Amino acid sequence: MDASHMGNDIEQVLITEEEIQAKLAELATQIWAEYEGKDLLLVGVLKGAVMVMADFMRHLPGTVPMDWMAVSSYGSGTKSSGVVRILKDLDSDISGKHVLIVEDIIDSGLTLSWIRSNLESRSPASVEILTLLRKPEAAKVEIDTKWVGFDIPNEFVVGYGLDFAEQYRNLREIVTLAPHVYS
């Protein structure tokens, strides 16, 4: 589904489907060059990273295993609470592996900082981060993020896996949601 089907729920398209795919292809080339021949595991953060992970993996020129974590820090609001609960942990032992966390968005950084620390405590060879989107103005903690697709303004965005109350994930673009929808 694209934003044209959403009527007045959408304020503007920030990043098109074509721009997303081009950036993921570029990042896949860079990341493959760095990790080729290494024991790499992609770790997606559910639910938002599903689209990013799927399309990113399709751009890789070889195969890489993946695993998933689900954490909760948002509840039903639009701001991170900073309190993290693991809803689904990894199925894989990551000791000695190079872990690449695949994220949809970094805003406050609180949740991702916690996830990174948690994974680093499990003795991996390395832990790096790939995020499609980052909101520098919203950062509450500094996150060393090796690969960033796009820096975006501190606005409420949905689409391409990002949601509001479990809606809008299936939009092909990244869009700003009109305030009347979430106020």
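Our subject in this report is the structure included herewith. Since the model is a prediction, treat every value here as computed from it, not as a measurement. Within each chain, residues carry numbers counting from 1 in the order of the written sequence. Given that this is a predicted model, residues contribute local features only at a pLDDT of at least 70 and side-chain atom pairs are listed and counted only at 80 or more, while totals for whole chains, interfaces and linings are drawn from all residues. Water and hydrogen atoms play no part in the side-chain values, which are based on all heavy atoms of the structure.

Let's shift gears to the pairing of strand β3 (residues 66-72). On any regular strand, side chains alternate: one points to one face of the sheet, the next to the other face. Between buried and exposed lies partly exposed: a residue is buried under 20% and exposed over 50% of the maximum accessible area for its type, with that area taken using a 1.4 Å probe on protein chains only. Strands here are runs of E lasting at least two residues and helices are runs of H or I lasting at least four, both read from the DSSP assignment and numbered beginning at the N terminus. With respect to burial, β3 is a largely interior element, 5 of its 7 residues being buried. The pairing criterion is simple: DSSP has to find at least two bridges between the two strands. Taken together, the 5 bridges between strand β2 (residues 40-46) and β3 define a ladder with parallel strand orientation. Directly across from Val45, in β3, lies its bridge partner Met69. In this fold, the crossover linking β2 to β3 by way of helix α2 (residues 50-59) has right-handed handedness. Examined bridge by bridge, β3 and strand β4 (residues 85-88) share 3 bridges and lie antiparallel to one another. From the neighbouring strand, Val71 faces β4, where its bridge partner is Ile86. The crossover handedness rule: strands pointing away from the viewer, path from first strand over the helix to second strand clockwise, crossover right-handed.

Once that is clear, we can look at the sheet that holds strand β6 (residues 126-134). Here 6 strands make up an open sheet; going across it, the order is β4-β3-β2-β5-β6-β7 and the pairing mixed. Looking at strand neighbours, the two that pair on one side only are β4 and β7 (147-151), the edges of this open sheet. When the angles between neighbouring strand axes are averaged without regard to direction, this sheet yields 30°. Against the sheet, α2 contacts β2, β3, β5 (98-106) and β6, and its axis sits at roughly 150° relative to β2. Here a residue-residue contact requires only that any non-hydrogen atoms of the pair lie within 4.5 Å. Axes, fitted as lines to C-alpha atoms, cover a helix only where it is in contact. Angles between the N-to-C directions of the axes lie from 0 to 180 degrees. Lying on the sheet, helix α3 (residues 110-120) is in contact with β2, β3, β4, β5 and β6; it crosses β5 at an angle near 170°.

Every buried residue of α3 is listed here: Thr111, Leu112, Ile115, Arg116, Asn118 and Leu119. Buried residues along α3 cover an arc of 165° about the axis, so they all sit on one side. Our arc is simply the arc of the directions from the helix axis toward the C-beta atoms.

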